[in-house]
Amino acid sequence: MTTAASQQEDAVKTLDRVVIRFAGDSGDGMQLTGDRFTAESAIFGNDISTLPNFPAEIRAPAGTLPGVSSFQLHFANRDIMTPGDKPDVLVAMNPAALKANISDLARGGVIIADTADFTKRNLDKVGYASNPLEDGSLADYQVHALDLTGMTTEAVKEFRLTRKDAGRSKNMYALGLLSWLFHRPVEPTINFLETRFATKPQLRDSNIKAFRTGYAFGETTEVFAYSYEVAPAPMPKGTYRQISGNLALAYGLIAGARKADLPLFLGAYPITPASDVLHELSKHKRFGVTTFQAEDEIAGVGAALGASFAGHLGVTTSSGPGISLKMETISLAVMTELPLVICDIQRAGPSTGMPTKTEQADLLQVMYGRNGEAPVPVLAAQSPSDCFDTAVEAVRIAVKYRTPVFVLSDGYLANGAEPWQVPDLSGIAPIDPAFATAPNGDNDEFLPYKRDPETLARPWAIPGTAGLEHRIGGIEKADGTGNVSYDPANHDAMVRIRQAKIDGIVADVPDLEIDDPSGGARVLVLGWGSTYGPITAAVRRVRATGRSIAQAHLRHLNPFPANLGEVLKAYDRVIVPEMNLGQLALLLRGRFLVDVQSYSRVRGLPISLSELAEDLQTEIDDLGVTA
Amino acid sequence: MSVEISTTSNGQRSGLAGVPLAVEPLNRKDFTTDQEVRWCPGCGDYAVLSAFQGFMPEAGIKRENTVIISGIGCSSRFPYYVDSYGMHSIHGRAPAIATGVATSRPDLGVWVVTGDGDALSIGGNHLIHALRRNVNFTILLFNNRIYGLTKGQYSPTSEIGKITKSTPYGSLDNPFNPLSLALGAEATFVARTVDSDRKHLTAMLKAAAEHRGASFIEIYQNCPIFNDDAFAAVKEKDTKAEAIIPLVDGEPILFGIDNRLGVIRDQQTGELKVAEVAEVGLENIVVHDEHHPDPAYAFGLSRLTTPGVLERAPIGIFRSVDAPAYDDLAREQVAAAAEKYDSDDDALQQMINGRDTWTVD
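Not measured: the values here are computed from a predicted model.

On a plain count of helices and strands, chain B comes out with twelve helices and 14 strands. Taken over C-alpha atoms, the radius of gyration comes to 23 Å for chain B, in line with the 21 Å a tight globule of 361 residues would show. Across its three principal axes, chain B shows a C-alpha extent of roughly 90 × 50 × 45 Å. Going through the 361 residues of chain B one by one, you find that 58% of them count as buried.

What follows is the structure in C-alpha cells.
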C-alpha cells in the first residue's frame with residue numbers, strides 16, 4: 001500500500017471483485033494497457049480473467065466505432081471464472097470508445113474519459129449531438145472527465161517529443177492513474193517498460209514518466225473520493241505466473257516434444273487468432289524447435305507431416321478457414337497413421353467470419369470435415385492455462401497411437417489470461433516414441449501396417465533405419481504389408497481398424513467427473529472448451545440461490561469418456577451451452593439417443609454468465625425442483 | 001561410423017553431403033521393390049524408373065537414407081517401385097511434404113517425383129516456393145503434356161488448341177514453359193532431359209543430386225495412350241539433330257546437321273535466338289555458362305523452346321549456381337540457438353516459469 005493511501009485510510013474502500021474495461025482507438029495501446037494492469041493484478045495475487053476485444057483492421061479510421069479496441073479485466077479476492085459480464089469501471093479514451101461500451105457498464109459504474117478527444121468533430125463522427133461528458137446524459141454513472149492527453153503531454157515535455165509522440169504515452173498515464181486507484185504494484189510495469197524500450201531511452205523515460213505522473217496525479221488530486229483495495233485471492237501453494245492460452249499452448253507443445261524426446265517441427269501460415277503460437281514457437285529454437293512459415297496452410301501441414309514421417313513431432317496451428325484447407329493432408333495423416341498435432345484456434349465463421357471474435361463452431365468440421373471414414377481424436381482446452389495440459393496430452397496421444405490429433409482452442413482462450421500455477425516439468429510422464437528398429441515379419445521382412453495388438457498403432461519406422469524401408473501413401477493399404485490394395489474385404493477391414501484404433505484411445509481417457517455437491521441435481525449442464533468459465537460461474541450463481549445443478553465439462557470430444565452415456569441418462573435434463581448452433585448436442589444425440597437440450601449463443605463473445613444462470617434457473621424451476 | 005559424401009568435383013558442397021554412404025556397393029536390384037509396375041506398356045515412366053534405379057548405386061548413398069516423395073498422377077506411383085523410404089502423397093503437395101522431410105533430416109537424400117499436372121496445376125504454388133527457398137532436394141517433373149491418370153484431359157503444358165476429352169473444341173489457355181517458371185522463381189539448378197536418352201537422363205540425375213539446394217529437372221516423357229509422340233521432334237532420328245539444342249557448359253551452343261545452327265544474343269534486345277552459323281560467324285555464338293549468376297540468361301535459353309507443338313528445345317543444364325539451401329539455414333539457426341542458450345530441462349522449466357512469477361505460501 002502506498003503512503004498516500006495509508007494517510008487517507010478512510011478513503012479506501014475494500015472490494016471483493018472489480019471489472020475494468022479499457023477502451024480506445026486501435027492505435028491507443030489499450031491491449032498493452034490492459035495487459036500491464038493484468039500483470040500487476042496477477043503479481044499482486046488477485047485471481048484474474050481477461051477478455052481482449054479488438055477489430056480485425058489494424059488501424060480502422062481513427063475515432064470511429066469500428067476502430068474501437070478494448071480490454072476487459074476481472075480481478076478478485078477469490079477464484080473467478082470469467083472476465084465478467086458488466087464492467088464496473090470504463091476507461092474511454094475517445095467518444096467512440098464511450099459510445100461502443102457505455103451500454104455494458106454497470107449502473108453507478110465509474111467512467112474515466114480523456115476529454116482531449118471529445119471534440120465536436122469526434123462527437124459528430126459517432127453521432128453524439130452534444131458532449132455526453134457535459135450534457136448530463138451520464139448522470140447514472142460516476143464520471144471523471146480528465147484531460148489525460150494534455151496532462152501526459154505536459155508530463156513528458158522535458159523529453160522534447162513531437163506532440164503526437166508525447167500524446168502516445170497517454171495510455172501509460174491512464175495506467176498509472178488506475179494503478180493508484182486500485183493499489184496495484186508499480187514495479188512490474190516500470191521493469192517492463194525498461195526492458196521493452198531498452199534500446200530507445202527516450203521512449204523508455206517518457207513512458208515511465210507518464211506512468212509515474214498518472215499515479216502521482218491520483219495520489220495528490222481530490223478528484224477521486226476513494227481508492228479501492230481488492231485483496232489477494234487465496235490460492236493453493238505454489239509458484240504462479242499469468243498466462244494466455246496461445247502462450248500456454250506453445251509451451252505445452254514444446255514440453256510435450258521434450259517429454260517425447262522429439263524435435264518439434266511447426267509448419268504454419270499466419271492466421272488470426274493462431275499466429276501468436278507461431279510467433280512464440282519461433283523464439284524457442286534452442287529447444288529443438290523448427291518453425292516453417294509456409295506459403296499457405298496446405299504447405300504448413302504438409303511440411304509438418306513430412307517432418308513426422310522423418311521422425312520429428314509435426315505440428316500445425318491455424319484457425320477454422322485454415323483448417324478447411326488442411327483437411328486433405330490430415331486425411332493423408334489418417335491413412336499413413338503418422339503422429340501429427342493440429343491446433344485449431346477457433347474464430348467466428350463461416351468463411352472469414354469475424355477473425356478476432358471467438359466461437360466454437362469448428363467441432364463438426366474437425367470431427368467430420370474429411371472425405372471417407374477418417375476418424376481423428378479431438379481434445380479441447382477449457383481455460384487459457386489448460387491449453388498447456390491439453391497440448392501435452394495431444395502429443396502423447398499422437399505419438400502413442402500414431403495418429404493426427406486435433407486440439408481445439410478459441411479466440412477467447414487464445415488471448416485471454418489467467419493465473420497459472422506453473423507445473424513442475426519433471427512431474428510430467430515421459431512419452432515413448434518407440435521407433436521401430438527391427439523387422440517385424442516372419443521372414444525378416446518389415447510390415448509397416450502390422451499393429452500393436454493393444455493400441456492398434458502401427459510401427460513408426462523412420463528413414464535411415466536399415467531393413468525397414470517401406471512406402472506409404474494415401475491409397476488404401478493392405479493390412480500388414482501396407483501395399484496398395486483395392487480388395488473390398490481389406491478396405492472394409494481397414495476402415496474398421498482405423499476407427500477401432502481411435503475408439504480404443506478411450507482406454508487413456510479418464511471418466512467424466514460430475515460436480516454435484518448436493519448429490520440430488522436433476523439438471524446437468526455439460527460443456528466443452530472455453531465455455532467452462534461462464535458455465536462454472538453460472539452454476540455457482542444458480543447454487544447460491546439454493547437450487548441444485550450438476551456440472552461436467554468434456555476435454556475429450558473424440559473419443560468421448562467411457563461413462564458419458566451413463567452420465568447423460570442419469571439426469572432428467574441435460575443442457576449443453578455452446579458458442580455454436582448445437583454441435584456437441586448433435587453428437588450426443590446421435591451417439592447416445594439422449595434428448596439433450598442445446599443452449600446456443602453465437603455472438604463472437606463468451607456466453608454471458610448472468611444470462612446463462614437465469615436460464616438455468618428457469619430450466620430447474622420448470623422441472624419443478626427447487627431443492 | 002558411416003562414410004559421407006562432402007563435396008562435388010568442383011569443390012562445392014554436395015547435395016548429398018551429410019547422407020551416409022552405403023558400406024557395401026549397391027546395385028539396381030537393391031532399389032527394386034517386389035511390386036508389379038503398373039504403367040501402360042510403352043510409357044516413358046519405365047525408362048525414367050530404370051535410369052533412376054541404375055543411377056542410385058552410383059550415387060552411393062545408403063538405400064535407407066533415400067526418400068522419395070510424390071504427389072498424384074501416373075508418375076507419382078514411382079515411390080512404390082523403388083525400395084527405399086517413400087510417400088505417395090496428395091495431389092500437388094509433394095514439394096511441401098518433402099520440405100518437411102528435408103528440413104528435419106540432413107542425413108537423407110530426398111527426391112520429389114511429380115508430373116505436369118501435379119506440379120504445375122494444383123501444386124504450382126508449392127513448386128515455386130520450394131524453388132525460391134532452395135530446399136535441398138531434387139524435383140523430377142515428368143512432363144507428358146497431358147493428364148494421364150484421369151484419362152486424357154489437357155494439362156498446363158498442353159499446346160493451345162489441344163483437342164481432349166475436356167476440350168473437344170480445343171484448349172484455350174496458354175501453356176507454361178516449366179523451365180521459364182522455375183527460372184522465374186530463381187531456381188538454382190534447372191535442367192531438361194528426355195526419357196528415351198538414358199545416358200543424358202542419368203547425367204542430369206547425377207548433376208542434380210550433387211547440386212546443393214533445389215534441383216529441378218524437366219523430363220520430356222511420352223504418354224503413348226493419351227499424347228503419343230508429343231516429343232517426336234526431339235526423339236526421331238531424322239529430326240532430332242535440328243530439334244535438340246544441346247547445352248554443354250563452356251561450349252558454344254551449336255546444333256543442327258553439321259552444327260549449322262547456333263544461339264546468338266540479339267544486340268538490340270538482348271534476347272537469345274537461333275541463327276545460321278555461316279551467316280553470323282562462330283565467334284558470335286553464345287558460349288554456354290551454366291553458372292551464370294543472373295537467371296535471365298538461363299531464362300533466355302528456356303525461351304528457345306517452341307511454345308506450341310514441340311519442334312525445338314534446349315536439352316541439358318540451363319542453370320547451376322551455388323546458393324544457401326533453406327534447410328541448411330534452418331538447421332543452423334536451431335543449432336546456433338542451442339549452442340548459445342541453455343536448452344536442458346532446467347532451462348525449459350525457467351522459460352515456462354517466465355520472469356513475472358509470484359509465490360503463494
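Now that the structure has been shown, the text picks up again.
With that settled, consider the interface of chain B and chain A. With 58 residues of chain B in contact, the opposing surface of chain A contributes 69 residues. Carbon and sulfur atoms make up 62% of the area that chain B and chain A hide from each other, which totals about 5300 Å². If you sort the residues of chain B by the area they bury against chain A, Tyr-85, Ile-352 and Trp-358 of chain B come out on top, with a joint share of 16%. The tally of links between chain B and chain A comes to four salt bridges. Asp-83 of chain B serves as the salt-bridge partner of Arg-471 of chain A, at 3.0 Å between the closest nitrogen and oxygen. At the boundary of chain B with chain A, the tally comes to 26 residue pairs in polar contact (both at pLDDT 80 or more). Among the elements of the structure, strand E1 (66–70), strand E2 (85–88), helix H2 (94–104), helix H4 (124–133), helix H11 (326–340), helix H12 (345–353) and strand E14 (358–360) of chain B are those that each provide at least two residues to the side of chain B that touches chain A. Among the residues making up the side of chain B that touches chain A, the classes are represented as 23 nonpolar, 22 polar and 13 charged. The pairing of strand E9 (residues 238–244) of chain A with E14 of chain B spans three bridges and is classified as antiparallel. Each residue of the ladder has a partner; that of Thr-239 of chain A, found in E14 of chain B, is Thr-359 of chain B.

This part covers a negative patch on the surface. All names here are of chain B. On the surface, a cluster of negative charge is made up of Asp-228, Asp-229, Glu-236 and Asp-238. Structurally, Glu-236 is set in the loop between helix H7 (232–235) and helix H8 (237–243). Residue classification places Glu-236 among the partly exposed residues on the basis of a relative accessible area of 38%.

This brings us to the nonpolar core. Leu-253, Val-341, Phe-388, Leu-526, Leu-557 and Leu-588 of chain A together with Ile-352 of chain B are the most contacted members of the largest nonpolar core, which has 156 residues in total. When residues of this core are assigned to domains, at least three map to each of domain 2 (241–427) and domain 3 (523–622) of chain A. What Leu-526 of chain A contacts, discounting residues up to four positions off in sequence, is Leu-512, Ala-552, His-553, Leu-554, Leu-564, Leu-568, Val-574, Ile-575, Val-576, Pro-577 and Leu-588 of chain A. Counting residues in hydrophobic clusters, the runner-up holds 48 residues, among them Val-89, Ala-210 and Met-235 of chain A together with Trp-358 of chain B.

Residues and elements named next belong to chain B. Within the element layout of this structure, Leu-301 appears in helix H10 (residues 295–302). Residue class for Leu-301 comes out buried when judged on its relative accessible area of 0%. For Leu-301 and Gln-350, which are 49 residues apart along the polypeptide, the C-alpha to C-alpha distance reads 57 Å. Once residues lying within four places of it in the same chain are set aside, the contact partners of Leu-301 are Leu-247, Ile-253, Leu-272, His-288, Pro-314 and Phe-318.

Buried residues of helix H8 (residues 187–196) of chain A: Pro-188, Thr-189, Ile-190 and Leu-193 of chain A, and no others. Where H8 of chain A is buried, its residues meet helix H2 (30–44), helix H7 (170–181) and helix H9 (201–220) of chain A.

Evaluation of the coordinates by the stated rule reveals 47 salt bridges over all chains. Note that Asp-615 of chain A and Arg-601 of chain A form a salt bridge whose closest N and O atoms lie 3.1 Å from each other. Highlighted residues: Asp-615 of chain A in helix H21 (residues 609–622) and Arg-601 of chain A in the loop between strand E22 (597–600) and H21, separated in sequence by 14 residues. Close ionic contact of Asp-266 of chain B with Lys-273 of chain B constitutes a salt bridge, the shortest N to O distance being 2.7 Å. Judged by relative accessible area, Lys-273 of chain B falls into the partly exposed class, the value being 33%.

The subject of this paragraph is the packing of aromatic side chains. Residues and elements named next belong to chain B. Taken as a whole, this structure holds 20 aromatic pairs over all chains when the rule is applied. Judged by centre distance (5.6 Å) and plane angle (85°), the ring pair of Trp-39 and Tyr-46 falls under edge-to-face. For Trp-39, a relative accessible area of 6% translates into the label buried. For Tyr-46, a relative accessible area of 32% puts it in the partly exposed group.

A separate point is the sheet that holds strand E16 (residues 417–421) of chain A. The antiparallel open sheet is built from three strands, whose spatial order is E16(A)-E9(A)-E14(B). Looking at strand neighbours, the two that pair on one side only are E16 of chain A together with E14 of chain B, the edges of this open sheet. Put simply, the sheet's adjacent strands are angled 40° from each other on average, direction ignored.

Let us look at the confidence of the model for chain A. Summarising the model, chain A shows a mean pLDDT of 94, and 98% of its residues fall at 70 or more. Segment residues 1–9 of chain A is flagged for pLDDT under 50; beyond a separation of four residues in sequence, or across chains, it makes nine contacts in the model.

Residue and element names in this part refer to chain A. Each domain of chain A was delimited in the assignment, giving domain 1 (3–230), domain 2 (241–427) and domain 3 (523–622). Carbon and sulfur atoms supply 61% of the area buried between domain 1 and domain 3, which totals about 660 Å² over both sides. In terms of surface lost to domain 3, no three residues of domain 1 exceed Met-81, Thr-82 and Asp-85, which account for 73% of the buried area on that side. On the surface where domain 1 and domain 3 come into contact, there are one salt bridge. Viewed at the interface, domain 3 and domain 1 are joined by four residue pairs in polar contact (both at pLDDT 80 or more). Split by residue class, the side of domain 1 that touches domain 3 holds two nonpolar, two polar and two charged.

All names here are of chain A. Taken in spatial order, the six strands line up as E3-E4-E2-E5-E6-E7 in an open sheet, and their pairing is mixed. On the outer flanks of this sheet lie strand E3 (47–53) and strand E7 (142–146), each paired with one strand and no other. Going across the sheet, the axis of each strand differs from the next one's by a mean of 15°, ignoring polarity. Across four bridges, the pairing between strand E2 (residues 17–25) and strand E5 (residues 89–92) is parallel. Looking across to E5, one finds that Phe-22 is bridged to Val-91.

Residues and elements named next belong to chain A. Close contact between helix H5 (residues 148–155) and H7 brings their axes to 9 Å; oriented N to C, the two are set at 100°. Classified by the angle their axes make, H5 and H7 are roughly perpendicular. Residue-level inspection shows Leu-148, Thr-149, Met-151 and Thr-152 of H5 in contact with H7, the latter providing Lys-170, Tyr-173, Ala-174 and Leu-177. Among the residues forming the contact of H5 with H7, the class breakdown is five nonpolar, two polar and one charged.

Thresholds applied
- Residues numbered from 1 in each chain as written.
- Chains lettered and ligands numbered in written order.
- Predicted model: local features only at pLDDT ≥ 70, side-chain atom pairs only at ≥ 80, totals over all residues.
- Heavy atoms only, no water.
- Helix = DSSP H or I, 4+ residues; strand = E, 2+ residues; numbered from the N terminus.
- Rg over C-alpha atoms; globule rule 2.2 N^0.38 Å.
- Buried < 20%, exposed > 50% of the residue type's maximum accessible area, 1.4 Å probe, protein only.
- Contact = heavy atoms within 4.5 Å.
- Buried area = accessible area lost by both parts, 1.4 Å probe.
- Salt bridge = Lys/Arg side-chain N within 4 Å of Asp/Glu carboxyl O.
- Polar contact = N/O pair within 3.5 Å; in protein donor to acceptor, adjacent residues only side chain to side chain.
- Nonpolar A, V, L, I, M, F, W, Y, C, P; charged D, E, K, R; others polar.
- Pairing = 2+ DSSP bridges.
- Patch = residues over 30% accessible without salt bridge, like charges linked within 9 Å, V, L, I, M, F, W, Y side chains within 5 Å.
- Areas by Shrake-Rupley, 256 points an atom, 1.4 Å probe, with all protein chains shown as cover.
- Lys, Arg positive; Asp, Glu negative; His and termini not counted.
- Charge placed at Lys NZ, Arg CZ, Asp CG, Glu CD.
- Core = buried A, V, L, I, M, F, W, Y, C linked by side-chain atoms within 4.5 Å.
- Domains from an automatic or database assignment.
- Phe/Tyr/Trp six-rings, centres within 6.5 Å; stacked < 30°, edge-to-face > 60°.
- Axes fitted to C-alpha atoms, helices over the stretch in contact; angles between N-to-C directions.
- pLDDT = per-residue confidence, 0-100.
- Parallel < 35°, antiparallel > 145°, perpendicular 65-115°, else oblique.

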